[in-house]
Amino acid sequence: CHVRGGSEKGQNWHFEGKLLNKSNSINDYLSCIYHLVQSGYTHPNYIAGYGASAGGMLVAQSANIAPELFRAICLSHPFVDILSTLLDKDLPLTIPDYEEFGNPLENKEDYFNILSYSPYENISNQEYPGNFF
């Protein structure tokens, strides 16, 4: 599954999954999983999501949206507290990350966009998949 935001398919593909388009990445990932299940290739009991760093954001938010699709998730040093992190300019990676996620300090639209998909801010009272290490 090549989700928008990666560089596997060129610069336009990357741009379609960053900034105000970041939710495209999450939707692409979920669409791939739904397709595999609906086509009979697998079942949610056999799906483990894995993501590292910003990929951890994608998997964690996907589990927030559709926890029933995963048996387990594994997050390796995930970037899941995106909004709080990007609100602190003193952290070493914050300013470079503005290019990918937007600047919630200076742009109200960026703030609410990040809030909409930041996994930490979207945890809800629901049953989540197990995790493994």
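Residues numbered from 1 in each chain as written. Predicted model: local features only at pLDDT ≥ 70, side-chain atom pairs only at ≥ 80, totals over all residues. Heavy atoms only, no water.

Focus: the packing of helix 2 (residues 22-38) against helix 3 (residues 54-65)
Applied cut-off: In this analysis an axis means a line fitted to C-alpha atoms, helices contributing only their contacting stretch, and an angle means the value between N-to-C directions, from 0 to 180 degrees. Helix and strand assignments follow DSSP, with helices taken as H or I runs no shorter than four residues and strands as E runs no shorter than two, numbered in order from the N terminus. An angle counts as roughly parallel when it lies under 35 degrees, as roughly antiparallel when it exceeds 145, as roughly perpendicular when it falls between 65 and 115, and as oblique in every other case. Less than a right angle of anticlockwise turn of the near helix away from the far helix marks a crossing as left-handed, whereas a clockwise turn marks it as right-handed. Contacts are assigned to residue pairs that have any heavy atoms within 4.5 Å of one another. Charged means Asp, Glu, Lys or Arg here, nonpolar means Ala, Val, Leu, Ile, Met, Phe, Trp, Tyr, Cys or Pro, and polar covers whatever is left, Gly included.
Relative orientation of the contacting elements helix 2 and helix 3 amounts to 65 degrees, with a least axis distance of 9 Å. Comparing their axes, helix 3 and helix 2 come out roughly perpendicular. Crossing of helix 2 over helix 3 shows right-handed handedness. Seen from helix 2, the contacting residues are Lys22, Ser25, Ile26, Tyr29 and Leu30; seen from helix 3, they are Met57, Leu58, Val59, Gln61, Ser62 and Ile65. Its residues assigned to classes, the contact of helix 2 with helix 3 shows 7 nonpolar, 3 polar and 1 charged.

Structural notes on the packing of aromatic side chains
Stated formally: In this scheme Phe, Tyr and Trp rings, the latter by its six-membered ring, pair at centre separations within 6.5 Å, and the angle between planes marks the pair as stacked below 30 degrees, edge-to-face above 60, and tilted otherwise. Note on classification: 1.4 Å probe, protein chains only; a residue is buried when its accessible area is under 20% of the maximum for its type, exposed when over 50%, partly exposed between these limits. Cation placement over rings: the criterion is NZ of Lys or CZ of Arg within 6 Å of the ring centroid and within 35° of the ring normal.
Enumeration over the complete set of coordinates arrives at 3 aromatic pairs. Taking 6.3 Å as the distance between ring centres and 20 degrees as the angle between the ring planes, the aromatic pair formed by Tyr29 and Phe70 counts as stacked. Taken together, the residues Tyr29 in helix 2 and Phe70 in the loop between helix 3 and strand 2 (72-76) connect sequence positions 41 residues apart. For Tyr29, a relative accessible area of 15% translates into the label buried. Here Lys9 stacks its cationic end above the ring of Trp13, 5.1 Å away from the centre of that ring.

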